[in-house]
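Fold and geometry: a report
One-letter residues, chain by chain:
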Amino acid sequence: MFVWREDLGGARIAFTDRNGGVSESPYGSLNLSSVTGDRPERVSANWDLVCNGLGVGAEQLAIMRCVHGTDVLELTEPPQRTRPAVDGLVTSTPGVVLVALVADCAPVLLVDAKARIVGAAHAGRPGLAAGIVAATVERMRSYGADSIVARVGPCVCGECYEVPQTMQDEIASAVPAARSTTRWGTPGLDIGHGVLAQLTDLGIEAAHLPICTMESPDLYSHRRDGNRTGRMAGLVWLE
Ligand SMILES: [Zn+2]
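Residues numbered from 1 in each chain as written. Predicted model: local features only at pLDDT ≥ 70, side-chain atom pairs only at ≥ 80, totals over all residues. Heavy atoms only, no water.

Another aspect to go through is the pattern of salt bridges. Applying the stated rule across the entire model yields 10 salt bridges. The salt bridge involving R39 is made with E41; its shortest N-O contact spans 2.8 Å. Judged by relative accessible area, R39 falls into the partly exposed class, the value being 42%. A relative accessible area of 45% means that E41 is categorised as partly exposed. Two residues, D146 and K114, come together in a salt bridge whose shortest N-O distance is 3.8 Å. With a gap of 32 residues between them, D146 in the loop between α3 (132–142) and β9 (149–152) and K114 in the loop between β7 (106–112) and β8 (117–123) connect regions that are remote in the sequence. Taken as a pair, D146 and K114 share a single burial class, namely exposed. One network of salt bridges, with partners in common, ties together R18, R224 and D225. (Salt bridge = Lys/Arg side-chain N within 4 Å of Asp/Glu carboxyl O. Buried < 20%, exposed > 50% of the residue type's maximum accessible area, 1.4 Å probe, protein only. Helix = DSSP H or I, 4+ residues; strand = E, 2+ residues; numbered from the N terminus.)

Printed below as a string of structure tokens:
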């Protein structure tokens, strides 16, 4: 159910995998989004399993409807039955669980345990280049965060993620560290490495879970499986 869980001084983070849920193929089994056609009642049941595993309530969830932009929203309470169309969330309210849904893009979780501020960002190819990570960090800092640590969840790796040369050049002009070569020698992009470089430039200590979504059968991958696959979650909240 969880590929990683950590307590960072009163702030909790978790990344889910695809195991332990009730969805059936091709969504099997712990799919956390109905956007790709899974039955909503199964997605809801999966969320209940995840919430039980984490000891939080479903009403605490603040799930982003990712749009590959750079808007960041600050929440003082969970959004009731709505999904904010942003790629970055920030809160200093205990119990508001920030959620980034992914299947190859990088979920980036940010914690300042001392200032008691957390953030979550969804960094795909467009968001990486546009600066969603920096935008989320800057919002946290505007509220007083000055000792942020980051955890970057599983995403597609630079040896698997093939792109056209022009696209690689475009992204690498904004984020040089994202340039990679695939295992078969063609132009690629390394989203995780790019995000880590951005975090380092921002002076933030970061760790990346080095698991590739395309290579791991325990994870969902849009690149590998196409549109009919599931979504995993990166979650962060203050206790
Ligand atoms: Zn890979």
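The next thing to look at is the sheet that holds β9. With respect to topology, 6 strands assemble into an open sheet ordered β4-β5-β8-β7-β9-β12, the strand pairing being mixed. Across the chains shown, the open sheet's two edge strands, defined by having one partner strand only, are β4 (72–75) and β12 (205–208). Here the average twist between neighbouring strands, direction ignored, is 15°. Here β7 runs beside β8; their pairing, made up of 7 bridges, is antiparallel. Residue V111 lies in a different strand from β8, and its bridge partner there is V118. Across the sheet, α3 touches β4, β5 (88–91), β7 and β8, and the angle it forms with β8 is around 165°. (Pairing = 2+ DSSP bridges. Axes fitted to C-alpha atoms, helices over the stretch in contact; angles between N-to-C directions. Contact = heavy atoms within 4.5 Å.)

Now for unusual backbone geometry. Omega for the peptide link from S25 to P26 comes to 5°, which places this bond in the cis form. Of note, P26 is situated in the loop between β2 (11–16) and α1 (40–54). For the bond running from G28 to S29, omega is -10°, close enough to zero to count as cis. Position of S29 relative to the elements: it lies in the loop between β2 and α1. Not every positive phi belongs to a glycine, and H68 is a case in point at roughly 60°. Along the chain, the position of H68 falls in the loop between β3 (61–63) and β4.

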